[in-house]
Amino acid sequence: MDLLALADFVLVARHGGFGTAARLTGRPKATLSRRVSELEAALDLRLFERGGRRLVLTEEGRALFERTSILLSAVEETAASIAAGGATPRGRLRLSTPLLFAQTAMGRLAAGFAARYPQVQLEVTAEDRPVDMVEEGYDLVIRVNPDPDESLVGRILMRDRLVVVAPPGLAFPDPGDPVRSVGRHLGEPGDWPVRRPEGGATIRTHPTLALSSLVMVRDAVRAGTGVAKLPISLVMKDLAAGRLSQWGEVEGSEVALWALYPSRRLLSARISAFLDFLREAFPNGTPDELSAFIDG
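No experiment lies behind these values; they were computed from the predicted model shown. (Residues numbered from 1 in each chain as written. Predicted model: local features only at pLDDT ≥ 70, side-chain atom pairs only at ≥ 80, totals over all residues. Heavy atoms only, no water.)

1. Examining the overall build of the chain
At step 1: Helix and strand counts for the chain stand at ten helices and 13 strands.
At step 2: Relative to its length of 296 residues, the chain is extended, with a C-alpha radius of gyration of 24 Å against a globular reference of 19 Å.
At step 3: In terms of principal-axis extent, the alpha carbons of the chain reach across some 75 × 45 × 30 Å.
At step 4: Going through the 296 residues of the chain one by one, you find that 42% of them count as buried.
At step 5: Of the roughly 15300 Å² that the chain leaves accessible, carbon and sulfur atoms contribute 53%.
At step 6: Side chains of the chain give 36 positive and 37 negative charges; the mean places of these two sets differ by 6 Å. (Helix = DSSP H or I, 4+ residues; strand = E, 2+ residues; numbered from the N terminus. Rg over C-alpha atoms; globule rule 2.2 N^0.38 Å. Buried < 20%, exposed > 50% of the residue type's maximum accessible area, 1.4 Å probe, protein only. Areas by Shrake-Rupley, 256 points an atom, 1.4 Å probe, with all protein chains shown as cover. Lys, Arg positive; Asp, Glu negative; His and termini not counted. Charge placed at Lys NZ, Arg CZ, Asp CG, Glu CD.)

2. Thoughts on the sheet that holds strand β3 (residues 91-97)
The pairing of strands in a sheet comes from backbone hydrogen bonds and takes either a parallel or an antiparallel form.
At step 1: The five strands are arranged β4-β3-β5-β13-β6 in an open sheet whose pairing can be described as mixed. Each edge of the open sheet is held by one strand with a lone partner, namely β4 (120-126) and β6 (152-160). Going across the sheet, the axis of each strand differs from the next one's by a mean of 20 degrees, ignoring polarity. (Pairing = 2+ DSSP bridges. Axes fitted to C-alpha atoms, helices over the stretch in contact; angles between N-to-C directions.)

3. Topic: the packing of aromatic side chains
At step 1: Throughout the structure, instances matching the rule amount to eight aromatic pairs.
At step 2: Here the aromatic rings of F113 and F277 are separated by 5.7 Å at their centres, their planes lie at 75 degrees, and the arrangement is edge-to-face. Remark: F277 occurs in helix α9 (residues 269-281) and F113 occurs in helix α5 (residues 99-116); sequence separation between them is 164 residues.
At step 3: Using a relative accessible area of 0% as the deciding quantity, one classes F113 as buried.
At step 4: In this structure an aromatic cluster arises from ring pairing among F113, Y117, F274 and F277.
At step 5: In this arrangement the basic side chain of R94 is found over the ring face of Y138, its NZ or CZ atom lying 4.4 Å from the centre. (Phe/Tyr/Trp six-rings, centres within 6.5 Å; stacked < 30°, edge-to-face > 60°. Lys NZ or Arg CZ within 6 Å of the ring centre and 35° of its normal.)

4. A look at unusual backbone geometry
Both trends apply: most residues other than glycine have a negative phi, and most peptide bonds are in trans.
At step 1: Backbone geometry places D44, a non-glycine residue, at a positive phi of 55 degrees.
At step 2: Structurally, the position occupied by D44 is in the loop between α3 (29-43) and β1 (48-49).
At step 3: The backbone of N145 sits at a positive phi, close to 45 degrees, despite the residue not being glycine.
At step 4: Within the fold, N145 resides in the loop between β5 (140-144) and β6.

5. Observations regarding the side chain of R270
At step 1: Topologically, R270 is positioned in helix α9.
At step 2: A polar side-chain atom of R270 sits 2.6 Å from the main-chain carbonyl oxygen of R92. (Polar contact = N/O pair within 3.5 Å; in protein donor to acceptor, adjacent residues only side chain to side chain.)

6. As for the sheet that holds strand β11 (residues 228-231)
At step 1: Across the sheet, which stays open at both edges, the six strands sit in the order β8-β10-β9-β12-β7-β11 with mixed pairing between neighbours. Unpaired on one side and paired on the other, β8 (179-183) and β11 mark the two borders of the sheet. On average, adjacent strands in this sheet sit at an angle of 55 degrees to one another, irrespective of strand direction.
At step 2: Relative to strand β12 (residues 245-250), strand β9 (residues 190-196) runs antiparallel, the two being bridged by two bridges. The partner of V194 across the bridge, within β12, is V250.
At step 3: Packing of helix α8 (residues 232-241) onto the sheet brings it into contact with β7 (162-166), β11 and β12, and relative to β11 it is tilted by some 100 degrees. (Contact = heavy atoms within 4.5 Å.)

7. Description of the packing of helix α7 (residues 214-222) against α8
At step 1: Two elements in contact, α7 and α8, have axes whose closest approach is 11 Å; the angle formed by their N-to-C orientations is 25 degrees. In this view, α7 runs roughly parallel relative to α8, as classed from their interaxial angle. Judged by the twist between their axes, the crossing of α7 over α8 is right-handed. Facing L214, V215, R218 and R222 of α7, the residues of α8 in contact are L234, V235 and D238.
At step 2: Counted by class, the contact of α7 with α8 contains four nonpolar, no polar and three charged residues. (Parallel < 35°, antiparallel > 145°, perpendicular 65-115°, else oblique. Left-handed = near helix turned anticlockwise from the far one by under 90°. Nonpolar A, V, L, I, M, F, W, Y, C, P; charged D, E, K, R; others polar.)

8. Details of the packing of helix α1 (residues 3-15) against α3
At step 1: Relative orientation of the contacting elements α1 and α3 amounts to 115 degrees, with a least axis distance of 8 Å. Of the possible angle classes, the one that applies to α1 and α3 is roughly perpendicular. Relative to α3, the crossing made by α1 is left-handed. Taking contact as the criterion, the partners of L4, A5, L6, D8, F9, L11 and V12 in α1 are, on α3, L32, R35, V36 and L39.
At step 2: When the residues that make up the contact of α1 with α3 are grouped by side-chain class, the tally is nine nonpolar, no polar and two charged.

These results come straight from atomic positions and should not be treated as a statement about function.
Shown next as structure tokens:
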């Protein structure tokens, strides 16, 4: 198999077309097309479905891309490291993070990392949906309480917990009395079991407002709309300043923020550097440390 043709195939597959790959890399479009055609002929397989504005991988093409892109990236990183005379972090680092973590902490973290490692091109996407790291080309994914995945290696960055917060001055309700609540979905009515200094209690809620961002939920509670379940790290400063009051910790609400990366891939210098940078920012992994990154 022609490894140069294979590398060009991975390049085209990653960028979704010959034209885009040619523009981003400076390679002639005709050369890329010829190399891929030669690879298809050598394998006796059709790797792309042609005809639309964007190339689509066939089933065989997708399998080849998933199995070879990681290996080729590792080879490129090793060659670059040797050429540079060491393991200096360099190249592109694609990261997917939860929306709340991105909104509250990732801006400062990314700026600090970029200043320390100017040869790394960091690209951060904020999203809460599950992602396919290999197919979508992510090097590192940060998620809250992720489902087990044998293809990924993970480490816990920090732990957090949920508390029920309310506008200052709003009295804790009598048992059974509903209270207006704010959340990410209107279909979240019900009873919230909480731990309070005087013992366990249950808050009966009546959802009145749905907001897609927990930052917006916090701001709505500040404005007096109702109560909400929010991470303690997000509201710690508001509680200290008296902008919110705490009604209790939500039972069984402990959460962990994980950093995940493909287990089949050798850990590159840039991924290791970013993981070390996160560990430096949050050495104990406590909500207090995350709160320090959140603007009041």
